[in-house]
Amino acid sequence: MRLAGNTAERNSATRTDQPSLLAGTLFDAEGNRMTPSYAVKKGTRYRYYVSRPLITQDQRESSTALRIPAGEIEHLVTSRVRQWLLDPGSIYQSTRLPDPSAQRRVIARAGEIGKSWTELPGTRQHAFLTTLIDRIDVGPDRIHIQLRPTRLAALLDVAATPPPSAADDETHIVSEPITLRRTVRAITMLIEGTDPFATAKPDARLVKLLIKARRFNATLVGSDGEPFAALAKRQGVSPSYFTRLVRLSYLAPDITEAILDGRRSI
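Residues numbered from 1 in each chain as written. Predicted model: local features only at pLDDT ≥ 70, side-chain atom pairs only at ≥ 80, totals over all residues. Heavy atoms only, no water.

Trainee: Which parts of the structure should I look at to understand the sheet that holds strand β7 (residues 172-177)?
Mentor: For sheets, the rule is that strands pair by backbone hydrogen bonds, running either parallel or antiparallel. The 4 strands lie next to each other as β1-β5-β6-β7, forming an open sheet whose pairing is mixed. Two strands lie at the open edges of the sheet, namely β1 (26-27) and β7, each paired on one side alone. Where strand β6 (residues 142-147) lies against β7, 6 bridges are found, and the strand directions are antiparallel. Residue isoleucine 143 lies in a different strand from β7, and its bridge partner there is glutamate 176. (Pairing = 2+ DSSP bridges. Helix = DSSP H or I, 4+ residues; strand = E, 2+ residues; numbered from the N terminus.)

Trainee: Just to check I follow, could you spell out helix α4 (residues 88-95) for this structure?
Mentor: Owing to its 3.6 residues per turn, the α-helix brings residues three or four apart onto one side. Along α4, the positions that sit buried rather than exposed are Ile91, Ser94 and Thr95. Buried residues of α4, seen end-on, are gathered within an arc of 85 degrees and therefore sit on one face of the element. If you follow the buried residues of α4, they end up packed against α3 (70-85), α5 (100-115), α7 (152-155) and β7. At the N-terminal boundary of α4, the capping side chain belongs to aspartate 87, with an oxygen 3.1 Å from the backbone nitrogen of glycine 89. Note on α4: the residue one or two positions beyond its end, arginine 96, has a positive phi of about 50 degrees. (Buried < 20%, exposed > 50% of the residue type's maximum accessible area, 1.4 Å probe, protein only. Arc of directions from axis to C-beta. Contact = heavy atoms within 4.5 Å. Polar contact = N/O pair within 3.5 Å; in protein donor to acceptor, adjacent residues only side chain to side chain.)

Trainee: Help me understand the confidence of the model for the protein chain in this model?
Mentor: The predicted coordinates should not be examined in detail at positions where pLDDT is low. Per-residue pLDDT for the protein chain averages 80, and the proportion of residues at 70 or more is 77%. Least confident of the elements in the protein chain is helix α1 (residues 2-12), whose mean pLDDT is 48; most confident is β1, at 94. This stretch, residues 7-16, has a pLDDT under 50; its non-local contacts, to residues over four places away or in other chains, come to 1 contact. (pLDDT = per-residue confidence, 0-100.)

Trainee: Could you clarify how one ought to interpret the pattern of salt bridges in this entry?
Mentor: Pairs may arise between side chains of opposite charge once their charged atoms sit close together. Applying the stated criterion across every chain yields a total of 6 salt bridges. We note a salt bridge from arginine 80 to glutamate 176, for which the minimum N-O separation is 3.5 Å. With arginine 80 in helix α3 and glutamate 176 in strand β7, this residue pair connects regions lying 96 residues apart in the sequence. (Salt bridge = Lys/Arg side-chain N within 4 Å of Asp/Glu carboxyl O.)

Given below as structure tokens:
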């Protein structure tokens, strides 16, 4: 089923306009707000977050200004927020609700949102992040994400009374390492490390061969003893190629699964 749907899934994919998930929350090391911007190169639109001085002042006066690819920092921030949502201990330490049942519901709902994040519409992701995140400071080697845990219960549709000592302006900071690299016009960001939510990309060539091997196998099974040479001719390939490729259809299930998951390539 996965092999049969591979081509259809690629062909049905459509490009959608992405909202600037972090608009209004990003600040550089000098405290300058970073504004969504874009550039068009060879017909392709590239999104960025740019320090205000690069927009409002002479670029030569902005030696510390940042220009960061929007997709990269949005992915980094959402990945870190998802890690926080999926960590029951962190949610408990950050919220400390007086009602144990409400606390359990918040932890459970936070985990559900963390797991299903990629399925949420872009507008829902934007609303969630802008409500939960107070600000994001991009430092020389780390980004610091200031969260407002007291708003989490309302975001998750859980009726809960905050602890008596809690105030809406209380923040919880989570961080992630980055590397800044100077270019001619500004400082850009290089993200390093392993993304816990990264999805391996299957080897397209090998998947295509597996699909063809399954087709050859179906021809072989329904041939009623027809010679290999005749079967190969019907498929428009040489007998030796037909024979070699049919063998791929008999790979062990775990090997086939690893290929489809991108954990094994040619």
